[in-house]
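Chain by chain, the residues run as shown.
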Amino acid sequence: MTDFSHLIRSQNLIDGAWVDADNGQTLDVTNPADGSVIATVPNAGSAETRRAIDAAGAAFADYAAGPLGERVARMRKLHDAIMDNLEPMAAMLTAEQGKPLAEARAEVGSSAAYVLWFAEEARRTDGAIIPAPLPGRKLLTTRHPVGVVAAITPWNFPSSMLARKLGPALAAGCTTIVKPATATPLSGLVWGHLAEECDFPKGAVNVLTGSARHIGGEITSNPKVAKITFTGSTEIGKQLLAQAAGTVKRMSMELGGNAPFIVFDDADLESAVAGAIIAKFRNAGQTCICTNRLYVQSGIYDAFTEAFSKAVANLRVAPGQEDGAEQGPMIDAHALSKIGALVDDARAKGGEVVTGGAPHDRGGLFYQPTVIANANKDMRLTTEEIFGPVAPIFRFDDEDEAIAAANNTEYGLASYAYTSDLGRAFRLQDRLQYGLIGINEVLIVSPEIPFGGLKESGLGKEGSWQGIDDYLDTKFTCIGGL
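What comes next is a walk through the structure.

What counts as what
- The residue numbering used here restarts from 1 in each chain and proceeds along that chain's sequence as written.
- Under the rules for a predicted model, residues below a pLDDT of 70 receive no local features and side-chain atom pairs below 80 are neither given nor counted, while totals for whole chains, interfaces and linings still include all residues.
- Values reported for side chains reflect all heavy atoms of the structure, with hydrogen atoms and water molecules removed beforehand.
- The cut-offs for exposure are 20% and 50% of the maximum accessible area for each residue type, with area from a 1.4 Å probe on protein chains only; residues under the lower value are buried, those over the upper are exposed, and the others partly exposed.
- Strands are runs of DSSP state E lasting at least two residues, helices are runs of H or I lasting at least four, and both sets are numbered from the N terminus onward.
- By arc we mean the arc of the directions from the helix axis to the C-beta atoms, nothing more.
- Residues are treated as being in contact if the distance between any of their heavy atoms lies within 4.5 Å.
- Should DSSP find at least two bridges between two strands, the strands are taken to pair.
- Orientation is described by lines fitted to C-alpha atoms, with helices fitted over the stretch in contact, and by angles between N-to-C directions that extend from 0 to 180 degrees.
- Two N or O atoms count as a polar contact when they lie within 3.5 Å, although within protein this holds only if one can serve as hydrogen donor and the other as acceptor, and sequence-adjacent residues are included solely when both atoms are side-chain atoms.
- Salt bridges, as used here, are contacts in which a Lys or Arg side-chain nitrogen is within 4 Å of a carboxyl oxygen on Asp or Glu.

Digging into helix α8 (residues 234-244)
Okay, step 1: The set of residues buried in α8 consists of T234, G237, L240 and A244. Along the axis of α8, the buried positions cluster into a sector of 120°, meaning they face one direction only. With respect to the buried face of α8, the exposed residues turned more than 90 degrees away are E235 and A242.
Okay, step 2: Looking at the buried residues of α8, the elements they touch are β7 (148-152), α7 (212-221), β10 (225-231), β11 (250-254) and β17 (411-412).

Shown next as structure tokens:
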């Protein structure tokens, strides 16, 4: 695997300086495939966060007022730096998170694509001239960066999730504080290093690792933070929303999911199976848009279950850096334990484990890719986000039944369906209560589309022309006496 030691940063970036935690404490960063320690990072808290916020606040006025061309040039330079370091960044991502190297490469490439997209969007944050209802007036709107932005990112996609937040913030003219997940901090810290190389001014990008409670507490309470953007669980998202209410911050939330995958009798079986494999087992099922529940119509249920189970049984489980690895380890022991508990619950409630259903022979944090037939609504995995390589298959008879079951959740992030009926495709688009819908496609995310959920899956959009809106304030001006 490509050496990435030159990209490791074992300190935090605050106001252009790399520093340790005030208390000298550190956290180990481990490889989930073998438990080895890759690096240590600071265990920072509220005091360091306060200094980072002060630095971002001090840098904001000059950065926001700087020439647009310089800002765009820096963004383009950052894109190029990511692409120049794609292989070592991917290797580092695989080492700390566990996903197969091919998936890590795709994530780093996606990160660069988001940076480039928002570099281009920076030129299109224009306002409007509004027709005046009375003579002698001009009415206009202008767009302005909101100020200091705090970004809190997850461990499952530590690079691309940061790109969706840091990209629009920096493009809009905001300064930032980044809090990466403690399980995967190296993929966040490297962005601070690259920002320095690309001539972003000190204080524009600050990166902190450590206590989620103390760092998050300072971010939510500090009045200098204008906006928080968070990707993670719905439970933590609700806590952040409550904590930030006192200072009425602008919030973007990309939260949990419970994605249905519906296969109708008229679906192309081969395509549906291939799509289900990707949608369920990418990143070992540890994705917020990952298929959680597969609903298969009665006429195709047996054929789909047989073909899908054979494909799942053939998935190669291995450390992510090994050639041909298709599923890596779970992120930690808690995740592994949760998967085992969900499978045991499904068995006890009538589920048939067709393949898998136990920890993998490799030991450690590896779990067998698992298919459970005859799933039913009483099982925990019907309502709980699985976040692992377990695929429960439910049977349904008609379209209304499938849509009702798919929508029967407080989540509304992603959904998928396979059908050859064009009319049905549009009915699904109308009736599925999800922010992201894939019909006969599962790889549906790119910088051009508005990523975000409905209901308790979040607030706001990431990507597309909408992705920069939450980082901008709109001012209206009426000029009279003309």
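Here's the deal with the sheet that holds strand β12 (residues 259-263)
Okay, step 1: Within the open sheet, the seven strands sit side by side as β14-β15-β16-β13-β12-β18-β19. Their pairing is mixed. Either end of the sheet is taken by a strand with one partner, and the two such strands are β14 (352-355) and β19 (436-439). With direction set aside, neighbouring strand axes in the sheet form an average angle of 25°.
Okay, step 2: With three bridges joining them, β14 and strand β15 (residues 370-373) adopt antiparallel strand pairing. Pairing of T355 across the sheet is with V371, part of β15.
Okay, step 3: Running at roughly 170° to β12, helix α9 (residues 269-281) makes contact with β12, β13 (291-297), β15, β16 (390-396) and β18 (414-418) of the sheet.

Thoughts on the side chain of Q286
Okay, step 1: Tracing the backbone through its elements, the reader meets Q286 in the loop between α9 and β13.
Okay, step 2: Residue class for Q286 comes out buried when judged on its relative accessible area of 1%.
Okay, step 3: Of note is the side chain of Q286, whose polar atom sits 3.0 Å from the backbone nitrogen of I331.
Okay, step 4: Among residues more than four places away in sequence, those in contact with Q286 are Q97, W155, N156, F157, P329, M330, I331, F387 and G388.

Some points on the pattern of salt bridges
Oppositely charged side chains can pair when the atoms bearing their charge come close.
Okay, step 1: In this structure the tally under the stated criterion is 25 salt bridges.
Okay, step 2: In this structure, K310 engages E306 in a salt bridge whose closest nitrogen and oxygen atoms are separated by 3.4 Å. Placement of both K310 and E306 in helix α10 (residues 298-313) is noted, with a separation of four residues, approximately one turn of the helix.
Okay, step 3: Given a relative accessible area of 49%, E306 falls into the partly exposed group.
Okay, step 4: It is possible to trace a salt-bridge network through shared partners that takes in D266, E399, R424 and R427.

Brief notes about the environment of R362
Okay, step 1: Counting through the fold element by element, R362 comes out in the loop between β14 and β15.
Okay, step 2: Remark: the alpha-carbon pair of R362 and W465, spanning 103 residues in sequence, is separated by 45 Å.
Okay, step 3: Discounting residues that sit within four places of it in the chain, R362 has contacts with R316, V317, A318, P319 and E322.
Okay, step 4: Separated by 2.8 Å, the side chain of R362 and the backbone oxygen of V317 make a polar contact.

With respect to the sheet that holds strand β22 (residues 472-479)
Okay, step 1: Strand order in the open sheet made by the three strands is β5-β6-β22, with antiparallel pairing throughout. Among the strands making up the open sheet, the edge pair consists of β5 (128-130) and β22. The mean inter-strand angle of the sheet, taken between neighbouring strand axes irrespective of direction, is 25°.
Okay, step 2: Relative to strand β6 (residues 138-145), β5 runs antiparallel, the two sharing three bridges. If you follow A128 over to β6, its bridge partner there is T141.

Thoughts on unusual backbone geometry
Okay, step 1: Phi is positive for N283, close to 55°, though the residue is something other than glycine.
Okay, step 2: For N283, the position within the fold is in the loop between α9 and β13.

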